[in-house]
Amino acid sequence: MAKDFDPHHLDVRRFAEAGATLESADPLPAFRRLRAEAQGEADAREVHWQARGELINPQHVQPQVWLHLQAQATLPLVCQRCLSPVDVPLAVDRSFRFVADEATAAAEDDASEEDLLVLSRSFELPELVEDELLMELPVAPRHEVCPEPVKMSAADAAFDAAGPAREHPFAVLGRLKTGK
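Each value, and the rule that gives it
Residues numbered from 1 in each chain as written. Predicted model: local features only at pLDDT ≥ 70, side-chain atom pairs only at ≥ 80, totals over all residues. Heavy atoms only, no water. Helix = DSSP H or I, 4+ residues; strand = E, 2+ residues; numbered from the N terminus. Rg over C-alpha atoms; globule rule 2.2 N^0.38 Å. Buried < 20%, exposed > 50% of the residue type's maximum accessible area, 1.4 Å probe, protein only. Areas by Shrake-Rupley, 256 points an atom, 1.4 Å probe, with all protein chains shown as cover. Phe/Tyr/Trp six-rings, centres within 6.5 Å; stacked < 30°, edge-to-face > 60°. Salt bridge = Lys/Arg side-chain N within 4 Å of Asp/Glu carboxyl O. Pairing = 2+ DSSP bridges. Axes fitted to C-alpha atoms, helices over the stretch in contact; angles between N-to-C directions. Contact = heavy atoms within 4.5 Å. Disulfide = S-S within 2.5 Å.

Trainee: Please explain the overall build of the protein as it appears in this structure.
Mentor: Within the protein one finds six helices and five strands. Walking the protein from its N terminus toward its C terminus, one meets helices and strands in the order α-β-α-β-β-β-α-β-α-α-α. Against the compact-globule benchmark of 16 Å for 180 residues, the protein has a radius of gyration of 28 Å, which places it well outside the compact range. Residues counted as buried form 31% of the 180 residues belonging to the protein. When the accessible surface of the protein is totalled, it reaches about 12300 Å², and 51% of it is carbon and sulfur.

Trainee: Explain the packing of aromatic side chains to me, please; I cannot follow it from the model alone.
Mentor: Aromatic ring pairs: the centre-centre distance and the angle between the two ring planes describe each pair. Counted by the stated rule, this structure contains two aromatic pairs. Relative to Phe-15, the ring of Phe-5 has its centre 5.2 Å away and its plane inclined at 85°; by these criteria the two rings are edge-to-face. Here the residue Phe-5 occupies a position in the segment before α1 (12-18), and Phe-15 occupies one in helix α1, the gap between them amounting to ten residues. This pair shows no difference in class: Phe-5 is buried, exactly as Phe-15 is. Plain terms: the ring middles of Phe-98 and Phe-123 are 5.4 Å apart, the flat faces sit at 85° to each other, and that makes the pair edge-to-face. Of this pair, Phe-98 sits in strand β4 (residues 85-99) while Phe-123 sits in the loop between β5 (115-118) and α4 (125-135), placing them 25 residues apart in sequence.

Trainee: Would you mind going over the pattern of salt bridges with me for this structure?
Mentor: Following the criterion strictly, the structure yields eight salt bridges and no others. The partner of Asp-43 in a salt bridge is Arg-35, with the nearest N and O atoms 2.7 Å apart. On the basis of relative accessible area, Asp-43 is assigned to the partly exposed category, the value being 46%. A relative accessible area of 21% places Arg-35 in the partly exposed class. The closest approach of N and O atoms between Glu-114 and Arg-97, which form a salt bridge, is 2.7 Å. Highlighted residues: Glu-114 in the loop between α3 (102-109) and β5 and Arg-97 in strand β4, separated in sequence by 17 residues. Taking the relative accessible area as the measure of exposure, Glu-114 reaches 24% and is therefore partly exposed. The buried category is assigned to Arg-97, whose relative accessible area is 10%.

Trainee: How should I be thinking about the sheet that holds β5 in this particular structure?
Mentor: Within a sheet, neighbouring strands are paired by backbone hydrogen bonds and run either parallel or antiparallel to one another. One open sheet holds the five strands; their spatial order is β1-β2-β3-β4-β5, and the pairing between them is mixed. Looking at the sheet topology across the chains shown, the edges are occupied by β1 (21-27) and β5. The sheet shows a mean angle of 25° between the axes of neighbouring strands, direction not considered. The sheet contact formed by strand β3 (residues 64-78) and β4 spans 14 bridges and is antiparallel. By the bridge assignment, Leu-67 is partnered in β4 with Phe-96. Taken strand by strand, α3 contacts β4 and β5, and its axis lies near 170° from that of β5.

Trainee: Can you help me understand the state of the cysteines in this one?
Mentor: Disulfides are covalent bonds that connect the sulfur atoms of two cysteines. This model, assessed by the stated rule, comprises zero disulfides. Sulfur of Cys-82: no disulfide; nearest cysteine sulfur belongs to Cys-146 and is 3.6 Å away.

This is the structure we're talking about:
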């Protein structure tokens, strides 16, 4: 059944009505924005994802169209503590409800707890996978324990060799004013 559906031009309603599933393991370079975040040799990495469609209340006048998405990837990033490479696992497990148009999505967005998307006959599923993985990126990636001890102080020989600090000119004026 998965052969009937193209993830790059997915008819979301038909996908949900069929209760179909799509899954893939795509190379990281296929996700241009995600690859741009990775550091070093990442071209051999893969992004694994699975999508499942579901139609809730199919006999209702307006049945709910749902897409359940799971995705995993491991990205090589730079540890912000020790500045060495760190592999960061990313995982997404989200569900999306599809609505008829942008106006409906905007009207229902504040009141609904689920994520809303606009129904499409040519939905770009890999783009949604990439968007969700990008949102999972940490702001400051770090090792749990850095492989090398991190220097937490800096020494500057030129600073230490400098002579004593000159007296601030306003301190001299203050002494003149007070007469001391």
